[in-house]
Amino acid sequence: MKLGYETGWHSYGEQPLKHNEQAPGEVVNQLAVAICLQNLVKLSERWIQAKQCKKWNLRCLKLQPLSPVPSDIEISRGQSPKAVDVLAREIGLLTNEIEIYGQTKAKVRLSLLERLKDQPDGNYVLVAGITPTPLGEGKSTVTIGLVQALTAHLKVNSFACLRQPSQGPTFGVKGGAAGGGYAQVIPMEEFNLHLTGDIHAITAANNLLAAAIDARILHENTQSDKALYNRLVPLVHGVRQFSAIQLARMKRLGINNTDPDTLTAEEIHKFVRLDIDPSTITWQRGRVLVARQQKRRNEKLVAVLLSLGSTLLTRQQCLVDTNDRFLRKITIGQASTEKGFSRPAQFDIAVASEIMAILALTTSLSDMKERMGKIVVANDKNGQPVTAEDLGITGALSVLMKDAIKPTLMQTLEGTPVFVHAGPFANIAHGNSSVLADKIALKLVGKDGFVGEEMSVLQV
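Residues numbered from 1 in each chain as written. Predicted model: local features only at pLDDT ≥ 70, side-chain atom pairs only at ≥ 80, totals over all residues. Heavy atoms only, no water.

## Notes on the nonpolar core
The nonpolar side chains of soluble globular proteins are, as a tendency, buried together.
Moving on, step 1. With 62 residues, the main nonpolar core has F159, M401, L409, F419 and L444 as its most contacted residues.
Moving on, step 2. Take this core: its biggest share by element is 9 residues, from helix α8 (residues 198-222).
Moving on, step 3. Counting residues in hydrophobic clusters, the runner-up holds 15 residues, among them A177, M188, M410 and V420. (Core = buried A, V, L, I, M, F, W, Y, C linked by side-chain atoms within 4.5 Å. Buried < 20%, exposed > 50% of the residue type's maximum accessible area, 1.4 Å probe, protein only. Helix = DSSP H or I, 4+ residues; strand = E, 2+ residues; numbered from the N terminus.)

## Let's talk about a nonpolar patch on the surface
Moving on, step 1. A cluster of nonpolar side chains, contributed by V33, L37 and L40, occupies part of the molecular surface with about 290 Å² of accessible area.
Moving on, step 2. In this fold, L37 is placed in helix α1 (residues 24-51). (Patch = residues over 30% accessible without salt bridge, like charges linked within 9 Å, V, L, I, M, F, W, Y side chains within 5 Å. Areas by Shrake-Rupley, 256 points an atom, 1.4 Å probe, with all protein chains shown as cover. Salt bridge = Lys/Arg side-chain N within 4 Å of Asp/Glu carboxyl O.)

## Things to note about helix α14 (residues 354-361)
An α-helical segment advances 3.6 residues per turn. Residues three or four places apart therefore align on the same side.
Moving on, step 1. With 6 of 8 residues buried, α14 lies mostly within the body of the structure.
Moving on, step 2. Along α14, the positions that sit buried rather than exposed are I355, M356, A357, I358, L359 and A360.
Moving on, step 3. Lining the buried residues of α14 we find α8, α15 (365-373), β15 (431-432) and α17 (435-445).
Moving on, step 4. The backbone nitrogen of I355 lies 3.1 Å from a side-chain oxygen of the residue at the head of α14, namely S353. (Contact = heavy atoms within 4.5 Å. Polar contact = N/O pair within 3.5 Å; in protein donor to acceptor, adjacent residues only side chain to side chain.)

## As for the environment of R328
Moving on, step 1. Topologically, R328 is positioned in the loop between α13 (311-315) and β8 (330-332).
Moving on, step 2. Residue R328 is classed as partly exposed on the basis of its relative accessible area of 40%.
Moving on, step 3. Along the sequence, R328 and F347 sit 19 residues apart, while their C-alpha atoms lie 5.5 Å from each other.

## Focus: the pattern of salt bridges
Moving on, step 1. A complete count under the given rule lists 23 salt bridges for this structure.
Moving on, step 2. Residue K117 is joined to E114 by a salt bridge in which the shortest nitrogen-to-oxygen separation is 2.9 Å.
Moving on, step 3. Taking the shortest distance from any N to any O, the salt bridge between R252 and E389 comes out at 3.3 Å. In this pair, R252 sits in helix α10 (residues 244-253) while E389 sits in the loop between β12 (385-387) and α16 (394-400), placing the two residues 137 residues apart along the sequence.
Moving on, step 4. Its relative accessible area of 43% is what places R252 among the partly exposed residues.
Moving on, step 5. One salt-bridge network, held together by shared partners, links E99, R109, K402, D403 and K406.

Following this line, the structure appears as structure tokens:
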């Protein structure tokens, strides 16, 4: 005779189970399941609490004020910053949400916004000024001093959001933008120079777009419609296929035929010809550095940079004390390979690029790609605008900017967190740090915390 639940008998004897009576083993199994569910609920509660913003357990750095007050660079180099991964953990960032650059800098991934999307925002404090001077106004110093006072002394969550300084003013009359005295971002050299390469990425993207404009003009001036079409829509394994950006351009042109092999000659001409009017080109090439006459207040900083063997100085061929005025107006296309298609052009400082302005306003990588596609670079010969999307280059621009879109985490002299991101000039654009840096900081500080944003306002 079988023993088991299926026969209504248990193994401890051959007594039959009563109606609705459970075997001992079954009771134990159900109890184990109940305990597991209870533990799961507790673990879930702990996980949710861990993800929620709370008061930071921040280890602040001690200041040792001296009298008389030393120079900014001496104060900066006299403090030992904590490791950036330690700072990241203290303010609630997860290991997979940061990309570390050395010991004192880290990029913060935008995935953090999705994790904290249900968290309430903190309080927003805008530090601005409308009385510009050659040496600055003190906005960065006030912003940094404010967050140091809030976090290091009042134990309130606070974040500073600053612009990345341009190397033009850094090597010019104004100097760096790390703050001053005992209210600075450290290390000063890291902050004021290349940082994590965002401005270099903007320069690369800007100049790629400029090169695409002149290359398109040259090819259209020297090739037939058929040759251009073969270049733009080449045969791959015997098949032609439009890309997504080409299909979008055809839609704007009113061409509904999406079969590359059946376009009419008129449709091909319309598709391959941008007919850019060179005299209307507004997109200029960019350079990283516009150096101006160096004043006494920056001599120590320059000496430090020279002692560090900065790659900037070698690549720019020691333009520290030289105003690069000869790039303001140039003539391009003088090589014989350009077939005589030369034109006047100019260089702009990198942070004056529209791509920098877009970086400060964008909310995601897809949003940035869409904004860059709408950049108007020139007019065609009929007076219609020609955009970066018409050149089919927005994907390449986005790839160059894929890391620059992430804010950079640094710290103040007292070890409180700072986001450094973007840096458009206020005399031509919005002089603020990025929207993304602000949004992330507002989530991290929590509803009772504060975010200090440094911003320039042009006086009209």
